[in-house]
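Listed below, chain by chain, are the residues.
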Amino acid sequence: GTRYVRPVLPERIAREALGLPAEGTLYLCPQSLFKIAPDDDALFARVLAAVPDSRLVLFEGRHPALTRRYLARLDAALAAQGVARGERVIVRPQVRHDLYMQTNLACDAMLDTLRWSGGNTSLDAIVAGLPIVTLPGRFMRARQSAAMLAIAGAPELIAKDVDDYVRIAS
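These figures come from a predicted structure and were not determined experimentally. (Residues numbered from 1 in each chain as written. Predicted model: local features only at pLDDT ≥ 70, side-chain atom pairs only at ≥ 80, totals over all residues. Heavy atoms only, no water.)

**Student:** It is not clear to me how the pairing of strand β3 (residues 89-92) should be interpreted in this structure. Could you clarify?
**Tutor:** One face of the sheet, then the other: side chains in a regular strand alternate in exactly this way. Pairing analysis gives four bridges linking strand β2 (residues 55-59) to β3, with the strands arranged parallel. By the bridge assignment for β3, Val-57 is matched with Ile-90. Read as a crossover between parallel neighbours, the route from β2 over helix α2 (residues 64-80) to β3 is right-handed. (Pairing = 2+ DSSP bridges. Helix = DSSP H or I, 4+ residues; strand = E, 2+ residues; numbered from the N terminus. Right-handed = clockwise from strand over helix to strand, strands pointing away.)

Encoded structure:
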């Protein structure tokens, strides 16, 4: 279970004020880096390859070494899809909750992770009106976003397999 206190949405500000590009599709994956598994890397790389003007927005881990290791792993998945990290992946520092919510408001969709779906991050996205693309997994921890979307009346955002996930995201 969870106890979620609905936040007051901050004012929507220009993407540039958040250090984000004004143009193109922005996919947000706000999960802690330790929740992002290698199969998520491959899936995110497929989405970026399918949408050439898109970028993936992530948040740094709490320790710089974790961020470096994650990005090295992500680089391999991106290379397999012919995508260079360069300007396609934006790694933001950890921020206050109001700035985090402004990031939700600035992005076009949230990419949920396969093995550990969003909890509070998904609820925050829903409050911000940010669509979540999800694929329910075997365990409850990988089915939370799908349940939230079903309750919210948005089953079209719940993928049936990884190909469907890429189709919905693109």
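**Student:** Explain α2 here, please?
**Tutor:** The periodicity of an α-helix, 3.6 residues per turn, causes residues three or four places apart in sequence to face the same way. Counted at 1.5 Å a residue, the expected span for α2 with its 17 residues is 24 Å, and the 25 Å between its end C-alpha atoms agrees. Along α2, the positions that sit buried rather than exposed are Thr-67, Tyr-70, Leu-71, Leu-74, Ala-77 and Leu-78. Looking straight down α2, one finds that the buried residues subtend no more than 120° of arc, so they occupy a single side. The outward face of α2, more than 90 degrees from its buried face, is lined by the exposed residues Arg-68, Arg-69, Ala-76, Ala-79 and Ala-80. Looking at the buried side of α2, the elements it contacts are α1 (38-50), β2 and β3. The first or second residue beyond α2 is Gly-82, which carries a positive phi of 75°. (Expected span 1.5 Å × (residues − 1). Buried < 20%, exposed > 50% of the residue type's maximum accessible area, 1.4 Å probe, protein only. Arc of directions from axis to C-beta. Contact = heavy atoms within 4.5 Å.)

**Student:** I would appreciate a short explanation of the packing of aromatic side chains in the present structure.
**Tutor:** Given two aromatic rings, their pairing is described by the distance between the two centres and the angle made by the two planes. For the structure on display, the rule yields one aromatic pair. Both rings, one in Phe-59 and one in Tyr-100, keep their centres 5.8 Å apart while their planes meet at 55°; by these two values the pair is tilted. Residue Phe-59 is located in strand β2, and its partner Tyr-100 is located in helix α3 (residues 97-106); the two are separated by 41 residues in the primary sequence. One exposure class covers both Phe-59 and Tyr-100, and it is buried. (Phe/Tyr/Trp six-rings, centres within 6.5 Å; stacked < 30°, edge-to-face > 60°.)

**Student:** Help me understand the nonpolar core in this model?
**Tutor:** Nonpolar side chains tend to gather and get buried jointly when the protein is soluble and globular. Core analysis: the largest hydrophobic core is formed by 52 residues, its most contacted members being Tyr-27, Phe-44, Leu-56, Leu-58, Tyr-70, Leu-111 and Tyr-165. For Leu-56, the contacting residues outside a window of four places in its chain are Tyr-27, Cys-29, Phe-44, Leu-48, Arg-88, Val-89, Ile-90 and Leu-111. (Core = buried A, V, L, I, M, F, W, Y, C linked by side-chain atoms within 4.5 Å.)

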